[in-house]
Amino acid sequence: MQPEQITRFLPDEDATLELGAGWGSSIKPPLVVYLQGDLGAGKTTFARGLLRGMGYNGAVKSPTYNIVETYPLPNAVSLNHFDLYRFTSPEEWEDAGLDDMFTASSISLIEWPQQGGTFVPHADLTITLSHTGTGRQCTIFAHTEQGQKSLEIWLN
Ligand SMILES: Nc1ncnc2c1ncn2[C@@H]1O[C@H](COP(=O)(O)OP(=O)(O)O)[C@@H](O)[C@H]1O
Ligand SMILES: [Mg+2]
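A brief structural summary. None of the values given here were measured: they were computed from a predicted structure.

### Comments concerning the coordination of the magnesium ion (ligand 2)
- For the magnesium ion (ligand 2), the full set of protein donor atoms is Thr-44 (OG1) and Glu-111 (OE), and the range of their distances to it is 2.2 to 2.3 Å. On the criterion of sequence distance, the pair formed by Thr-44 in helix H2 (residues 43–53) and Glu-111 in strand S5 (residues 106–111) is long-range, its members being 67 residues apart. Across the pair, Glu-111 and Thr-44 agree in class, each one buried.

Structural data, given as structure tokens:
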């Protein structure tokens, strides 16, 4: 597999939403995506855009307090949006039984995956957002064939 990495500059919030939304029409489960970046980098904004692009029109709130928000989507697909920021130890992953949420029909977006240590399933894609001036730099890296295929359909 050829490693694939793509970088985009996102000048404003709308650009982050549009990037996410553009993936919504083609993204398919199972897929595990790490969302990396500092507080306020735009990880939840990206998740909101993706959900919009998948046809979800309700509110998309940050899962910081609940650890995970689940969105049922058409065709029995579910999107699970995790935020492990408040974990005090990786074992909380096991205590909460989060492995059960990774199924053939689930798409997983995980903010602060490093907080779950080795309990967190490996990513197909890592999306990293970083502050650059008033905008954000977005780097997307595919780790698996599945991730690379999804990235090609999304951005080519
Ligand atoms: N490309 C961008 N340029 C400037 N501001 C952005 C961009 N993308 C998102 N934002 C803003 O940055 C903040 C990011 O918040 P959020 O998505 O909750 O970050 P995180 O989940 O990474 O902590 C929001 O106020 C959002 O409007
Ligand atoms: Mg967030």
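### So, the site of ligand 1
- Ligand 1 sits among 17 residues. The nearest are Thr-16, Gly-40, Lys-43, Thr-44 and Thr-45.
- Note that an oxygen atom of ligand 1 is positioned 2.8 Å from one of the backbone N or O atoms of Gly-40.
- Across the complex, the protein chains shield 75% of the 570 Å² of accessible surface that ligand 1 would expose by itself.
- Mapped onto the shell around ligand 1, the elements with two or more residues apiece are helix H1 (13–24), H2 and strand S7 (135–142).

### Regarding the environment of Ile-107
- Position of Ile-107 relative to the elements: it lies in strand S5.
- Exposure remark for Ile-107: the relative accessible area of 0% places this residue in the buried category.
- As for Ile-107 and Asn-80, which are separated by 27 residues in sequence, their C-alpha atoms are 6.2 Å apart.
- Residue contacts for Ile-107: discarding those within four places in its chain leaves Ile-27, Lys-28, Pro-29, Leu-31, Met-54, Val-77, Ser-78, Leu-79 and Asn-80.

### Quick notes on the environment of Met-101
- Residue placement: Met-101 occurs in the loop between helix H3 (92–95) and S5.
- Along the sequence, Met-101 and Ile-127 sit 26 residues apart, while their C-alpha atoms lie 21 Å from each other.
- Beyond its immediate stretch of four places on either side in the chain, Met-101 contacts Val-68, Thr-70, Asn-80, Phe-82 and Ser-106.

### Quick notes on helix H4 (residues 145–155)
- Listed as buried for H4 are Gly-147, Gln-148, Ser-150, Leu-151, Trp-154 and Leu-155. One face of H4 carries all of its buried residues, which in axial projection span an arc of 165 degrees. In H4, the exposed positions angled more than 90 degrees off the buried face are occupied by Lys-149 and Ile-153.
- Looking at the buried side of H4, the elements it contacts are strand S1 (4–10), H1, strand S2 (31–36), H2, strand S6 (125–132) and S7.

Conventions adopted
- Residues numbered from 1 in each chain as written.
- Chains lettered and ligands numbered in written order.
- Predicted model: local features only at pLDDT ≥ 70, side-chain atom pairs only at ≥ 80, totals over all residues.
- Heavy atoms only, no water.
- Donors = N, O, S within 2.8 Å, 3.2 Å for Na, K, Ca; no water.
- Helix = DSSP H or I, 4+ residues; strand = E, 2+ residues; numbered from the N terminus.
- Buried < 20%, exposed > 50% of the residue type's maximum accessible area, 1.4 Å probe, protein only.
- Near = heavy atom within 4 Å.
- Polar contact = N/O pair within 3.5 Å; in protein donor to acceptor, adjacent residues only side chain to side chain.
- Areas by Shrake-Rupley, 256 points an atom, 1.4 Å probe, with all protein chains shown as cover.
- Contact = heavy atoms within 4.5 Å.
- Arc of directions from axis to C-beta.

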